[in-house]
Amino acid sequence: MTTFGMFVKNPEPGRVKTRLAAAIGDAAAAQLYRGFVTDLIQRFRSTGARRVLAYSPAEAACREFFTQQSAGSYELWPQPITGLGTRMRQFFEAYGPEPVVLIGSDSPTLPVGFPNVAFAMLKHA
């Protein structure tokens, strides 16, 4: 079974796209990030045999937001409160050893076929 995962954050002003927010404001940065997430969830809705949104923070309101966004097409996995590398390792441990492809949510133009190329490459690794 192949697993496609995406690390996502609750699009809350002041907590996402903070460097960009310095130039355009917290609300505009959060709105832009929300658009990124909404688009990515839709575009990758059929990628992999299993799809997982690894959400942060691990709070009820955030889980509810991503439950609505996923519309049943993704499992939800709360990211642990630790460094990025550790969170990624724990994600791969939770969903491996079968092929797992994980992306971030800051790649709104990532071609939809790229994860499938990665899955194909992982069959030979």
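Refer to the preceding data block for the structure.
How each quantity is defined
- Residues numbered from 1 in each chain as written.
- Predicted model: local features only at pLDDT ≥ 70, side-chain atom pairs only at ≥ 80, totals over all residues.
- Heavy atoms only, no water.
- Phe/Tyr/Trp six-rings, centres within 6.5 Å; stacked < 30°, edge-to-face > 60°.
- Helix = DSSP H or I, 4+ residues; strand = E, 2+ residues; numbered from the N terminus.
- Buried < 20%, exposed > 50% of the residue type's maximum accessible area, 1.4 Å probe, protein only.
- Salt bridge = Lys/Arg side-chain N within 4 Å of Asp/Glu carboxyl O.
- Pairing = 2+ DSSP bridges.
- Right-handed = clockwise from strand over helix to strand, strands pointing away.

1. Focus on the packing of aromatic side chains
The full count for this structure, using the stated rule, is six aromatic pairs. When the ring of W77 is compared with that of F91, the centres are 5.3 Å apart and the planes differ by 80 degrees; the resulting orientation is edge-to-face. Residue W77 is located in strand β3 (residues 75-78), and its partner F91 is located in helix α4 (residues 84-95); the two are separated by 14 residues in the primary sequence. Overall, the relative accessible area of 14% leaves W77 in the buried class. You can call F91 buried: its relative accessible area is 0%. Measuring from centroid to centroid gives 6.3 Å for F91 and F92, while their planes differ by 85 degrees, and the two rings are edge-to-face. With relative accessibility at 34%, the residue F92 sits in the partly exposed group. Members of the aromatic cluster, each reached through a chain of ring pairs, are F7, W77, F91, F92 and Y95.

2. Some details on the pattern of salt bridges
Scanning the entire structure with this criterion turns up four salt bridges. Residues K17 and D106 are paired through a salt bridge, measuring 3.6 Å at the closest nitrogen-oxygen approach. Of this pair, K17 sits in the loop between β1 (3-9) and α1 (18-24) while D106 sits in the loop between β4 (100-104) and α5 (114-122), and the two are 89 residues apart along the sequence. Assessed through its relative accessible area of 48%, D106 is described here as partly exposed. We note a salt bridge from R89 to E93, for which the minimum N-O separation is 3.2 Å. With a gap of four residues between them, R89 and E93 both fall in helix α4, about one helical turn apart. For R89, a relative accessible area of 44% translates into the label partly exposed. Of the residues examined, E93 reaches a relative accessible area of 53% and is grouped as exposed.

3. Observations concerning the pairing of strand β2 (residues 50-56)
With respect to burial, β2 is a largely interior element, six of its seven residues being buried. Pairing geometry for β1 and β2, over seven bridges, is parallel. Paired with V8 across the strands is Y55, a residue of β2. One ladder, built from four bridges, connects β2 with β3; its direction is parallel. Each residue of the ladder has a partner; that of Y55, found in β3, is P78. Where the polypeptide runs from β2 across helix α3 (residues 60-70) and back to β3, its parallel neighbour, the crossover connection is right-handed.

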